[in-house]
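Each chain, letter by letter, is given below.
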Amino acid sequence: MDVNGQRTKVTWKIEVLSDVHSKSMDVNGQVTKVTWRIENFSTIQDEELCSENFTVDGNKWRFLIFPKGSTVDHLSIYLGVADSSTLPAGWSRYAHFGFAVIDQFDRELSITGVTTHVFNVNGADWGFPSFLPLTELRNPKSGYLVNDACLVEAYVFTDRTIGFISHELIVKTDSDKLKTKECDCVKAAMDNQRTTSTKAVEITNPSPTPPYCQIMAIEPEEPTEEDMNTFFTSLESKLWSSNTNFSREEAKEALAKVEKALNMTPVNFYDSGKLSPLKHAFKILASFDCSSSTLTIEQKKELLAMEESLKELADRAAKALQNKNILTEKESIKLTITHKLDRNVIRYKEVESEVKQVEKRLAALHVQVEEAQKERENMLAEGKEIFKSSKEMKMELEALEMQWAEYEAMAKVAEEEESIVLAEWGRIKDFISSIKGKI
């Protein structure tokens, strides 16, 4: 890529991530990951950089970067429909997508943004105008520009039924051992080892598989994730079915863990990932038996049921928060469009006034008619561009306002759901406190 006569090296990579989720997430789909490494970043003078096209589920996409920001002093990043100009009238595409500017010192400190959008003829590009402050991007103590190279990643998922992409998925992706091609390669190699274990195998003209695949092929004893999940699931089931006697100290420690979890909000509990140790704590409490403080059968049954109830409540709280945030996001979009329209109205009036001044000069200065006429044409062209963009943004604003009642209703339902969850959460907390004296 040539930028102002200087060669800017761009490294471009597309991967399809499959099965990167845990089975508990019940996700069955694929995420396309696009990595864009841009060197000599600080020397770029172009206002906009456009990626190569890439395909997700048969549709062409691209993403756009504004190194100096589109309208503010922030790095701006957008996802766009690459072939929007050739699509038939009335077209639309849904995408759940995320962007990341990678901290090359510590990936977990990377800046990420995740959203969903339905692209159509009124809006073929969507993203984050204020993704990362330019001052923070250029800070030498951060890892966003290392040796003047910026590493940008995009994740695109087109399944409408789930919200799969998250900050955690993005920052953990490179350490995940279950990328599609590696996983398939390992499985094929291990199957080959099983079927030919008694024969010597000579490999000629090896296929261009990653070194990881070749190493795994000669170590068939290495357990797969499925093997490990099966083993620990079986072990957990066996431990649960055993009649283990727990001491009073273990019961008190388990109760303290449950109380600590209940002192968290449902959403914070959902984000903490502490359900697994809490499951064991409930088992201890339900199994604890002492002649002076034995729980009733009904209390033990309710304790065992509470573990699933807490998980369900935490899931509902997280979903309610997500729905509330949708309205906040739409309010921000509406405010941005409104501010742009205000600026365009002001500028259009300025242009209109300037055009009139030029016309007066043309009448008075016949000697400079040609130069003044050219200036007038330029001003009128700018006015037409402003009119065109304002008309398009007005249509987008009207479309947004048509759906406003739906977003408000969704937020109201989310608030009610949150209240119900908090009430149930408090009931469970009170119950746990009521049995504390028996343990």
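Looking at an unreviewed UniProt entry, the protein carries the name MATH domain-containing protein, with the source organism given as Gossypium barbadense.

1. What about the overall build of the protein?
The helix and strand tally for the protein stands at eleven helices and twelve strands. Classification of the 439 residues of the protein by burial places 36% in the buried group. Here the protein displays about 26,500 Å² of accessible surface, and carbon together with sulfur accounts for 52% of that area.

2. Here we look at the confidence of the model for the protein
Per-chain confidence: the protein averages 76 in pLDDT, with 75% of residues scoring 70 or above. Counting interchain partners and residues more than four positions distant, the pLDDT-below-50 stretch residues 19-28 has 14 contacts.

3. Topic: the pattern of salt bridges
Counting across every chain of the model gives 15 salt bridges. Where Arg 107 meets Glu 153, a salt bridge forms, and the shortest distance between an N and an O atom there is 2.7 Å. One end of the pair, Arg 107, is in the loop between strand 9 (92-101) and strand 10 (111-120); the other, Glu 153, is in strand 12 (residues 150-157), with 46 residues separating them in the sequence. Residues Arg 107 and Glu 153 agree in their burial class; the two are buried. Where Arg 347 meets Glu 350, a salt bridge forms, and the shortest distance between an N and an O atom there is 3.2 Å. A residue pair is termed a helical-turn pair when its members lie 3 or 4 positions apart in one helix, as Arg 347 and Glu 350 do in helix 9 (residues 297-364) at three residues. Taking the relative accessible area as the measure of exposure, Arg 347 reaches 25% and is therefore partly exposed. With relative accessibility at 38%, the residue Glu 350 sits in the partly exposed group. Each of the salt bridges in this network shares a partner with another, and the network as a whole consists of Arg 347, Glu 350, Glu 354 and Glu 382.

4. A look at the packing of aromatic side chains
Taken as a whole, this structure holds eight aromatic pairs when the rule is applied. Ring geometry for Trp 61 versus Phe 119: centroids 5.2 Å apart, planes at 75 degrees, classification edge-to-face. Note that Trp 61 is positioned in strand 7 (residues 59-66) and Phe 119 in strand 10, a separation of 58 residues in sequence. By the burial criterion, Trp 61 is buried, and Phe 119 matches it. Ring geometry for Phe 63 and Phe 99: centres 5.8 Å apart, planes at 50 degrees, overall tilted. Of the two residues, Phe 63 sits in strand 7 while Phe 99 sits in strand 9, which places them 36 residues apart along the sequence. Through a chain of ring-to-ring contacts, three or more aromatic side chains come together here, namely Trp 36, Trp 61, Phe 63, Phe 97, Phe 99, Phe 119, Phe 128 and Phe 131. Across the ring face of Trp 404, the terminal group of Lys 334 is positioned such that the distance to the ring centre comes to 4.8 Å.

5. Considerations on the pairing of strand 12
The side chains of a regular strand alternate between both faces of the sheet. Within strand 12, eight of the eight residues are buried, leaving the element largely enclosed by the surrounding structure. Both faces of strand 12 are covered, namely the face carrying Cys 150, Val 152, Ala 154 and Val 156 and the face carrying Leu 151, Glu 153, Tyr 155 and Phe 157. Judged from the seven bridges that link them, strand 4 (residues 30-38) and strand 12 form a sheet pairing that is antiparallel. Paired with Ile 38 across the bridge in strand 12 is Cys 150. Strand direction decides the pairing type here: strand 9 and strand 12, joined by six bridges, are antiparallel.

6. Some words on unusual backbone geometry
The phi angle at Asp 57 is positive, at roughly 50 degrees, despite the residue not being glycine. According to the relative accessible area criterion, Asp 57 is exposed, its value standing at 58%. In this structure, Asn 147 takes a positive phi of about 55 degrees despite not being glycine. Tracing the sequence through the fold places Asn 147 in the loop between helix 1 (134-137) and strand 12.

7. Let's talk about the nonpolar core
Counting residues in hydrophobic clusters, the biggest one holds 44 residues, and the most contacted among them are Phe 63, Leu 79 and Leu 137. Ala 261, Leu 278, Phe 282 and Leu 313 belong to the second-largest nonpolar core, a separate cluster that totals 26 residues.

8. Some remarks on helix 6 (residues 248-262)
Between its first and last C-alpha atoms helix 6 spans 21 Å; for 15 residues at 1.5 Å apiece the expected length is 21 Å, and the two agree. Where helix 6 is concerned, the buried positions are Ala 251, Ala 254, Leu 255, Val 258, Glu 259, Ala 261 and Leu 262. Looking straight down helix 6, one finds its buried side chains confined to an arc of 160 degrees; they lie on one side. Among the exposed residues of helix 6, those pointing more than 90 degrees away from its buried face are Glu 249 and Lys 260.

9. Here's the deal with the environment of Asp 106
Note on placement: Asp 106 falls in the loop between strand 9 and strand 10. A relative accessible area of 34% means that Asp 106 is categorised as partly exposed. Between the C-alpha atoms of Asp 106 and Ser 142, which are 36 residues apart in sequence, the distance is 9.3 Å.

Criteria and thresholds
- Here the residue index of a chain counts from 1 through its sequence in written order.
- For this predicted model, a pLDDT threshold of at least 70 governs which residues receive local features, and a threshold of 80 or more governs which side-chain atom pairs are given and counted, while totals over whole chains, interfaces and linings are taken from all residues.
- As a rule here, side-chain values cover all heavy atoms of the structure and leave hydrogens and water aside.
- Numbering goes from the N terminus for both helices and strands, where a helix is a DSSP run of H or I of at least four residues and a strand is a run of E of at least two.
- Think of it in three bands: with a 1.4 Å probe and only protein chains considered, a residue is buried below 20% of the maximum accessible area for its type, exposed above 50%, and partly exposed in between.
- Reported accessibility uses the Shrake-Rupley method at a 1.4 Å probe radius. Residues are deemed covered only where the shown protein chains occlude them.
- Residue-level confidence of the predictor is summarised by pLDDT, bounded by 0 at the bottom and 100 at the top.
- Throughout, a residue-residue contact means that at least one pair of heavy atoms, one from each residue, lies within 4.5 Å.
- Any carboxyl oxygen of Asp or Glu within 4 Å of a side-chain nitrogen of Lys or Arg constitutes a salt bridge here.
- Classification of ring pairs uses Phe, Tyr and Trp, with its six-membered ring standing for Trp, and accepts pairs whose centres are within 6.5 Å; under 30 degrees between planes counts as stacked, over 60 as edge-to-face, and the remaining range as tilted.
- Placement of a positive charge over a ring is assigned whenever Lys NZ or Arg CZ falls within 6 Å of the ring centre and within 35 degrees of the normal to the ring plane.
- At least two bridges found by DSSP between two strands is the condition for calling them paired.
- In this text, buried Ala, Val, Leu, Ile, Met, Phe, Trp, Tyr and Cys residues form a nonpolar core when linked through side-chain atoms within 4.5 Å.
- Helix span, expected: 1.5 Å multiplied by one less than the number of residues in the helix.
- By construction, the arc corresponds to the directions joining the helix axis to the C-beta atoms.

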